[in-house]
Amino acid sequence: MTRVLVVEDNPQIIRALALNLKARKYEVDTALDGATALRLAAAAPPDVVLLDLGLPDMDGIDVIRALRGWARAPILVVSARHTSMEKVQALDAGADDYVTKPFSMDELMARLRAAVRRTEEAGVGEPVTVATDDFTIDLLAKKVHRGDTDIRLTPTEWQLLEVLIRHPGRLVSQKQLLQEVWGPSYETHTNYLRVYMAQLRRKLETDPTHPRHLITEPGMGYRFEK
Ligand code: CA
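If you're wondering where the values come from, they're calculated on a predicted model, not measured in any experiment. (Residues numbered from 1 in each chain as written. Predicted model: local features only at pLDDT ≥ 70, side-chain atom pairs only at ≥ 80, totals over all residues. Heavy atoms only, no water.)

### Considerations on the sheet that holds strand E6 (residues 129-131)
On the basis of which strands lie adjacent, the open sheet formed by 4 strands has the order E6-E7-E8-E9 and antiparallel pairing. With partners counted over all chains shown, the strands left at the sheet margins are E6 and strand E9 (149-151), one partner each. In this sheet, adjacent strand axes meet at a mean angle of 25° when their direction is disregarded. Across 3 bridges, strand E8 (residues 143-146) lies against E9 in antiparallel orientation. Bridged to Arg 146 within E9 is Thr 149. Sheet strands in contact with helix H6 (residues 155-165) are E6, strand E7 (136-138) and E8, and its direction is about 100° off that of E7. (Pairing = 2+ DSSP bridges. Helix = DSSP H or I, 4+ residues; strand = E, 2+ residues; numbered from the N terminus. Axes fitted to C-alpha atoms, helices over the stretch in contact; angles between N-to-C directions. Contact = heavy atoms within 4.5 Å.)

### Regarding the coordination of the calcium ion
Protein-derived ligands of the calcium ion are Asp 9 (OD), Asp 52 (OD) and Gly 54 (O), with the metal-ligand distances lying across 2.2 to 2.4 Å. Under the relative-accessibility criterion, Asp 52 is labelled buried at 6%. (Donors = N, O, S within 2.8 Å, 3.2 Å for Na, K, Ca; no water. Buried < 20%, exposed > 50% of the residue type's maximum accessible area, 1.4 Å probe, protein only.)

### A look at the domain arrangement of the chain
Under the domain assignment, the chain is made up of domain 1 (3-121) and domain 2 (129-224). Centre-to-centre, using C-alpha coordinates, domain 1 lies 27 Å away from domain 2. With 11 residues of domain 1 at the contact, the number on the domain 2 side is 11 residues. Interface of domain 1 and domain 2: buried area, both sides summed, is about 950 Å²; carbon and sulfur atoms make up 55% of it. Looking at the side of domain 1 facing domain 2, the largest losses of area belong to Arg 39, Ala 42 and Trp 70, adding up to 49% of the total buried there. Where domain 1 touches domain 2, the interface holds 0 salt bridges. The interface formed by domain 1 and domain 2 holds 2 residue pairs in polar contact (both at pLDDT 80 or more) in total. Tallying contributions element by element places helix H2 (residues 34-43) first for the side of domain 1 that touches domain 2, with 5 residues. For the side of domain 1 that touches domain 2, the per-class residue count stands at 8 nonpolar, 1 polar and 2 charged. (Domains from an automatic or database assignment. Buried area = accessible area lost by both parts, 1.4 Å probe. Salt bridge = Lys/Arg side-chain N within 4 Å of Asp/Glu carboxyl O. Polar contact = N/O pair within 3.5 Å; in protein donor to acceptor, adjacent residues only side chain to side chain. Nonpolar A, V, L, I, M, F, W, Y, C, P; charged D, E, K, R; others polar.)

Below, the structure written as structure tokens:
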């Protein structure tokens, strides 16, 4: 089933979209603000995102940028902003298509189908497994194995790990991790990262005191190395 994440703060529009999408056999997740959208997307990666730009907590453009840090699912902007500059800004940030409000439901559904089709044709999908010398991460089953042992992760540990492995070899800032895992109001809670990274290392690294995969960049962030 194709999973659609609808990000929209207008309950009437949410209701109309959810009804229409479910009638067409899509699986629907809804978020009323940007922070919820990013959390949901990390927990259950969507196949396609419908995104309003005027959100109560953050600008939709920043939601696009945050998603594009790791997600390759097509993003369709559905917004009342209609100038070409506003459209260019959204497309430059990483949106795939743009529909202005008020929209025709049939046209929106057609564009959604087209976006999903393009992704499938391009063979673009999230990686299914990530293997290191010490452990293997199965993104589909949301499981980590070390040899024959299944390692249990808490939902928060899992989200944190997922954000890191979607940027292999790249520094992910403390701010981005806190924003994506805990939400925008937690940007300064770097102690959370220290605690959860230590837990992840204890579970995943052969020698947690000399991590080879979950690397700290002091004062900046963290990096996942295969
Ligand atoms: Ca809005």
